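Take a look at the letters that make up each chain.
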Amino acid sequence: MNHSSFTQQGSRRIESLNLEFQSYRHSRTGARHLHLACDDDNNAFMVAFPTIPEDSTGVAHILEHTTLCGSERYPVRDPFFMMLRRSLNTFMNAFTSSDSTAYPFATRNRKDFDNLLAVYLDAVFFPKLDPLDFAQEGYRVELADDNASEGVVYKGVVFNEMKGAMSSPVSQLWHHLQAALFPNAAYRFNSGGDPATIPQLTHQRLKAFHARHYHPSQAVFLTYGNYSPQDHQAQFEALALARFEASTQIIVSGLQPRVNTPRAATVTYAVEQAADAIDATHIVWGWLLDETGQPRTMLEAQLLTGVLLEHSASPLRHYLETTQYAKAPSELCGVDDSARQLAFYCGVEGSDPRHAIPLEEEILALLAQIGRDGVPPAVLHAALDKIEMAQRDISGDHYPYGLQLMSRALPGAMYRSDPVALLDIDSLLAELRQEILDPAYFKRLVAEMLVDNQHRVRVVMTPDSSKRKQDQDDERARLKALFNSLSDADKADLARQAEALSSRQARRDDPDILPKITLADVPASAAPITGQVETINGRRVHAYRRGTNGLVHAQIAFDLPALTAEELALLPLFSAYLLEFGAGRETYLETQTRRSQFGHFAASSVVRSQVSDLAQHHAQFVVSAKGLRRHTSALLATVDEIIAAARFDEADRLMDLLTQTRADLELGISERGHQLAMHSAARGLSKSGWLSDEWDGPSNIRQVQRLEALAGTDPASLQRLFATFDKLRQRLVPAQRQVLLVGEEESLALARDALQVSAPSTPTTNAPGLVIPDPPPARATAWLANADVNFCAKAYPAVPEGHADAAALAVLGRYLSDGFLHPAIREKGGAYGGGASFDSDSGCFFFYSYRDPRLTETLADFDRARDWFASTNDALRLEESILGVIRALDKPRSPAGAAIDAFYSQQQGRTPEFRARFRGQVLGITYQDLTRVVSRYLSGHGGSVSVVTHPGERATIDALGMHAETL
């Protein structure tokens, strides 16, 4: 049977996305194929299945992991991670959401696309689902010691991953909200798996779940790019569908029935000590809305969110930021589209349970007022403009654009509605632009979705300093009961399983079973992206003509002058807060309301070490804007005013910002613990390593904590902070600057016209550039945080990017990660992730682990990696490691992102010639090169260690002689 088994169901041109949406159906199995046809060569694929949870054992999540551990056609132990190394993919992953599981990839190489498609289809439709893979990836019970006398323990990748995920208070809060809002639907369960419930899952249940949910009748294939959909369909048929017959069962997540009475729930989360429980309560409200697959409902929910929560002058966010009853708005504010029905959430963190009722009364009163009085028309137009911007924006710098579009269409496919309608929203946007002209429209929207919507819940999540111990005691009790129930034969079975798994993990499969890309398939370097340099009204302007689909990007890059130590330390807060204050005589509320009508604005500092000297840096302060073409003049005028007109005198606003920043940083520790550990480890090794810790590491968290605490006891400290901000502004105003413009020719012409009529640029100084101080001595540091797992890092001083050894160090990171660290830390150790990498900016070589149940053993594995390297000389692994570095170097960007990257790379000495030379060096790396850099950089220095951990590891870190700090 050939691709004619697919029948086209429809086709629609979507002008705002510049593509054609085509839908097909497989006549025998009912499998669906949605194709997004366009000229993009970064072709993408996704296959998705409805995986509706029936409990919180995490069956869908564990199945996702286990399907990628070997299949009929590719019976190797780890095909997914092996293909990561044997591919030029621009993205590869798999993920489980609340009610579906998807397997996406993207690549620009046709051979690579066909290779990945074959592996993916065999993995999802014909997985081996080996019990040992279930034990490794999901969970297993192992004897705590060889003598079977010390009890048993739980191990497993997903088990430990979810322990780490559920140590985040925000993750816990979200799951409690879902359970309260969807009490009769599948969304009340934790689809990722509750660590207390995961051990109830059996291997037989896993296999039965796969048989039911992974049939083609449930599947939707999505493709994007310039390949023929008929070619895809022929492969779907040959590789999978030919082996299946029709199924009459259709699986769709059920709707939550409406309830007519608001409900409330009180739950707890763990903190370390009683002092941490003061003003640490989360209070959040949720409203159930209509179906996610209905495009009008989705757009109206986005409009509602844009008006109520978009920025600090939005009425609901303004209340949440300034209420006396809490420290900051909740991270969960906004529309949640993760279920079949949308939800609207708002709330606060840093509160007290007794404030729940007054908060609720004031929030409901505010919403009722908005429902009566409405909002200014300009606010509604600005909210719709933001939706149009999101529709037109060809992003893709971090996640391929084609996969983004697929993700937007996926709810329509999963819920058996109209997926194309979720993408083709142009006519609906036009309708809404007409409807908002009626003042009664938005009032009705607020009333229907929120004020009169009684399917509302309130979740109060209070801190409990005894909960972590209680949870640990409960797990120990379960394990003790399990151990006591084991017979000698059962213990012998556990020992045999552990031995079998260890043997399986040590087994070297034949990699030639899998298809691959070789160095011969690596394309030549892409042509460099160049812009036009001109002088307009005294400004040096770099204009890049790019296909941005009606959006314009404008940036002003100021050369950063020399700064005092205090100014340098506070520059990140200056960047973050610059757009949060008023301009001129406007209050911050007036300024944010006005600017929101034109687009999105941001400020940041860009500092990179020179390519040949880690002690010297290129440093710029950047003010950026992005908006619709019709707002070009206003965008340019606003960018011009941001630094010069900023007012630094709104003390209450600054206090609110510090409180919110502290809360956000502390809540984010468990999500980026490995990055914090790496920044801390590099602090004493180079100037850039020190700066990364000061600006984005544990030292930054500590600084914000100190500033926020000081402001609470010494209000004059806010004025001192404003004084420093003003000094920074005074240093930037006369600095040399350049203007960057990116857009289509019409947008560039409008931008040039706007610059011609703006005030002339007259920089008055060529002040000395930024100088970063020498770093302090390195010190092994353990950061104690509110977490249940560990994040480990070790750093070694190395070289700048222009050094002859830099390419070898980059390849070495891949070689050690794939060959030793991934098996040792993830597969055997049970961490969610781990590896090695070379950072050319700090000039450091890193080892790291993520959501790791171990600490001492992982640090030992970092050192053992050197011994493993000395015993191996694997030509295939070297080729795969080179491919991995090339893959990262060649990763495509969005049209605007590529131009912006080209501009700053040129400024920082990473010219096209430099990048091409480095790429050539990578392609020529030999095993002897790796041996040289291992000996030179990893053997003569003890390395600098840092971990983010929890107080339960205090004895371990004391034994290691590490300095302990609390976050």
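As a starting point, this report considers the structure included with it. Remember, it's a predicted structure, so these values are computed and weren't measured experimentally.

Attention now goes to the sheet that holds strand β25 (residues 833-839). The six strands are arranged β25-β26-β24-β27-β23-β28 in an open sheet whose pairing can be described as mixed. The sheet is open, and its two borders are formed by β25 and β28 (963-966), each paired with just one other strand. Geometrically, the sheet is characterised by an average inter-axis angle of 15 degrees between neighbouring strands, direction not taken into account. Of the pairings in the sheet, the one linking strand β23 (residues 781-784) to strand β27 (residues 944-949) comprises four bridges and is parallel in character. Bridge assignment links A782 to a residue of β27, and that residue is V947. Docked against the sheet, helix α27 (residues 806-828) engages β25 and β26 (844-850), running at close to 170 degrees with respect to β25.

In a disulfide, the sulfur atoms of two cysteines are held together by a covalent bond. Counted by the stated rule, this structure contains zero disulfides. Residue C346 stays outside any disulfide, its sulfur separated by 5.9 Å from that of C333, the closest cysteine. A residue is classified by how much of its surface remains accessible, and C346, at 0% relative accessible area, is buried. Of the cysteine sulfurs around C844, a residue in no disulfide, the closest is that of C792, at 18 Å.

The next thing to look at is the nonpolar core. Counting residues in hydrophobic clusters, the biggest one holds 76 residues, and the most contacted among them are L560, F574, L578, F621, L654, F725 and L741. One finds I62, Y103, A123 and V158 within the second-largest nonpolar core, a separate group that totals 61 residues.

With that out of the way, let us pick up the environment of V922. Position of V922 among the secondary structure elements: in helix α31 (residues 912-923). Residue classification places V922 among the buried residues on the basis of a relative accessible area of 0%. In the structure, V922 is positioned 39 residues away from L883 in sequence and 9.0 Å away in space, judged by C-alpha atoms. Ignoring sequence-local partners within four residues, the contact set of V922 consists of A807, V811, I882, V885, I886 and L889.

For the structure shown, the criterion picks out 43 aromatic pairs. For the ring pair F125 and F126, a centre distance of 6.4 Å and an interplane angle of 50 degrees mean the geometry is tilted. Just as F125 is buried, F126 falls in that class too. Relative to F847, the ring of Y796 lies with its centre 6.1 Å away and its plane at 75 degrees, an arrangement referred to as edge-to-face. Of this pair, Y796 sits in strand β24 (residues 791-797) while F847 sits in strand β26, placing them 51 residues apart in sequence. According to the relative accessible area criterion, Y796 is buried, its value standing at 1%.

Between the first and last C-alpha of helix α29 (residues 875-889) there are 21 Å, a value that for 15 residues agrees with the 21 Å anticipated at 1.5 Å per step. Most of α29 sits out of view: 12 of its 15 residues are buried. Among all positions of α29, only L876, R877, L878, E879, E880, S881, I882, L883, G884, V885, I886 and R887 are buried. Tucked into the core, α29 has its buried residues touching α2 (79-85), α27, α28 (856-870), α31 and α32 (927-938).

Time to look at unusual backbone geometry. With phi around 50 degrees, D279 is a residue other than glycine that occupies positive phi space. Phi angles above zero are rare outside glycine, and R851 is one such case at about 45 degrees. Along the chain, the position of R851 falls in the loop between β26 and α28. According to the relative accessible area criterion, R851 is buried, its value standing at 7%.

All right, on to empty space enclosed by the protein then. Over the atoms, a rolling probe the size of a water molecule traces out where space has been left empty. A complete count under the given rule lists four cavities of 30 Å³ or more for this structure. The space that makes up the largest cavity amounts to roughly 40 Å³. Around the largest cavity, the lining residues are P53, S98, W174, H175, Q178, A186, Y187, F189 and S191. Looking at side-chain class alone, the lining of the largest cavity contains five nonpolar, four polar and no charged residues.

What counts and what doesn't
Residues numbered from 1 in each chain as written. Predicted model: local features only at pLDDT ≥ 70, side-chain atom pairs only at ≥ 80, totals over all residues. Heavy atoms only, no water. Pairing = 2+ DSSP bridges. Helix = DSSP H or I, 4+ residues; strand = E, 2+ residues; numbered from the N terminus. Axes fitted to C-alpha atoms, helices over the stretch in contact; angles between N-to-C directions. Contact = heavy atoms within 4.5 Å. Disulfide = S-S within 2.5 Å. Buried < 20%, exposed > 50% of the residue type's maximum accessible area, 1.4 Å probe, protein only. Core = buried A, V, L, I, M, F, W, Y, C linked by side-chain atoms within 4.5 Å. Phe/Tyr/Trp six-rings, centres within 6.5 Å; stacked < 30°, edge-to-face > 60°. Expected span 1.5 Å × (residues − 1). 1 Å grid on protein atoms, 1.4 Å probe; cavity = no way out; pocket = protein on both sides within 12 Å on 5 of 7 lines; lining within 4 Å. Points joined across faces, edges and corners; volume = space filled by probe spheres on them. Nonpolar A, V, L, I, M, F, W, Y, C, P; charged D, E, K, R; others polar.

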